Amino acid sequence: SKDFEAEQAAANLPNIRMFRESSGPAMEPQEGGNGKWEVCSADSIGSFSATAFFFGRELHKTLKLPVGLINSSVGGTPIEAWTSMSAQKDLAELKPLFARWDNDTANYDPEKAKAAFEKQQAQWRIAAKQARDAGKQPSRPPQAPVNPRKNSHHPAVLFNGKIAPLVPYAIRGVIWYQGESNANSNRAGGNPENYGLQLRTLISDWRGRWGQGDFPFVWVQLPLFKKAQTEPVEETGWTTVREQMLKTLKIPNTGMAVTLDLGEANDIHPKDKQGVGKRLAMWALAKVYNQKNIVASGPLPDGYEIDGEEVVLSFRYATGLKAKGEDLKGFAIAGADQKWLPAKARIEGDQVIVWHPDVRQPKAVRYAWADHPDANLVNGAGLPASPFRTDTK
């Protein structure tokens, strides 16, 4: 995370503790895991989850109460790895995904996999040396082969090894920071449009297993990433997963930290974890701990009307709606021909009016619809609006 040295120096917070579940993937649900509680200090903070720590620190600072944080995570993994097999195995939408894993497992040959890995490793060493000689960062080395059933991406294996051991330990709620892996539309058997179904399934599965009713569940919407927007609308797996996250807010007692402005074009692990943690905490403080004068979210779409040549958009969490900068940007508009044009937009109270002189009969509007959009709608708390579209499939 950014400013690590300063954060480390200020990390003497003994009433914040973190437990890191260090067990690996497992083929069957495990009753016991591995790890230990660590007291927050300058010596221990470097091993903490940055997002979880900054989230917990906001709660601790505001509520004046001890905060315990459980970090169960593996970078670069898909949501299906964190959901129990029984909860997802019969979902028709996921059959291609399961078929791919069944095929990989049936055709796995350890000797052939080892030979292929050694060849890839040799090629990587040459490429890595060339990159370093050119002053560039080498690509990641190839991973050693593993039986597909033990692969950390396989459905349920991380639930089995890293979530099941925690049940039914008493928890107050869940913060969820994931989705990048499922945004890859080229992933064999995967489909970004299934992400909402998968997130709903995971939430229901975990809530049922803990038996604590509808405990709070808040996630981080994908931030900006990759190249800057060049067209008014660019549909990708990234925009699809963002939309699926937005739709999942229909589930009671769920929230979403909009982080569109906290990403980095060239780094899938943006450094501003302070901002991410604080926005998660703002939702929790407002919605779970009933703290007054804390805004829970950035603006979220709340319906629209077509008024002649204009589209009138309404929002929740819209108090103090404004553009961050001079002109409001990020909107696109289209008629029945679905030809998207950069829209003109103005703010009136808690609504945004969108139009374009060449679109006399508008049908739909989209906002921030790209991996890396140029968009600047925020509320009075400075929290950005979620990307959305009115022409939802």
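Draft legend 1. Spatial organisation of the sheet that holds strand β6 (residues 254-257). In spatial order, the strands read β4-β5-β6; together these 3 strands make up an open sheet with parallel pairing. Taken across any chain shown, the strands that pair with only one partner, and hence form the sheet edges, are β4 (174-176) and β6. Taken pair by pair, the neighbouring strands of this sheet meet at an average axis angle of 20 degrees, ignoring direction. Sheet strands in contact with helix α9 (residues 273-287) are β4, β5 (217-220) and β6, and its direction is about 150 degrees off that of β5.

Draft legend 2. Molecular detail of the pattern of salt bridges. One pass over the structure, following the stated rule, counts 19 salt bridges. In this structure, Lys2 and Asp272 form a salt bridge, with 3.8 Å as the shortest nitrogen-oxygen distance. Of this pair, Lys2 sits in the segment before α1 (4-9) while Asp272 is found in the loop between β6 and α9, placing the two residues 270 residues apart along the sequence. Here Glu243 makes a salt bridge to Arg389, at a shortest N to O gap of 2.7 Å. With Glu243 in helix α8 (residues 237-247) and Arg389 in strand β16 (residues 388-389), this residue pair connects regions lying 146 residues apart in the sequence. Where salt bridges share partners, they join Glu235, Glu243, Arg366, Arg389 and Asp391 into one cluster.

Draft legend 3. A look at the side chain of Thr51. Within the secondary structure, Thr51 sits in helix α2 (residues 50-63). Its relative accessible area of 7% is what places Thr51 among the buried residues. Each residue touching Thr51, except ones within four places of it in the same chain, is listed here: Tyr177, Lys273, Val276, Gly277 and Leu280.

The rules we used
- Residues numbered from 1 in each chain as written.
- Predicted model: local features only at pLDDT ≥ 70, side-chain atom pairs only at ≥ 80, totals over all residues.
- Heavy atoms only, no water.
- Pairing = 2+ DSSP bridges.
- Helix = DSSP H or I, 4+ residues; strand = E, 2+ residues; numbered from the N terminus.
- Axes fitted to C-alpha atoms, helices over the stretch in contact; angles between N-to-C directions.
- Contact = heavy atoms within 4.5 Å.
- Salt bridge = Lys/Arg side-chain N within 4 Å of Asp/Glu carboxyl O.
- Buried < 20%, exposed > 50% of the residue type's maximum accessible area, 1.4 Å probe, protein only.

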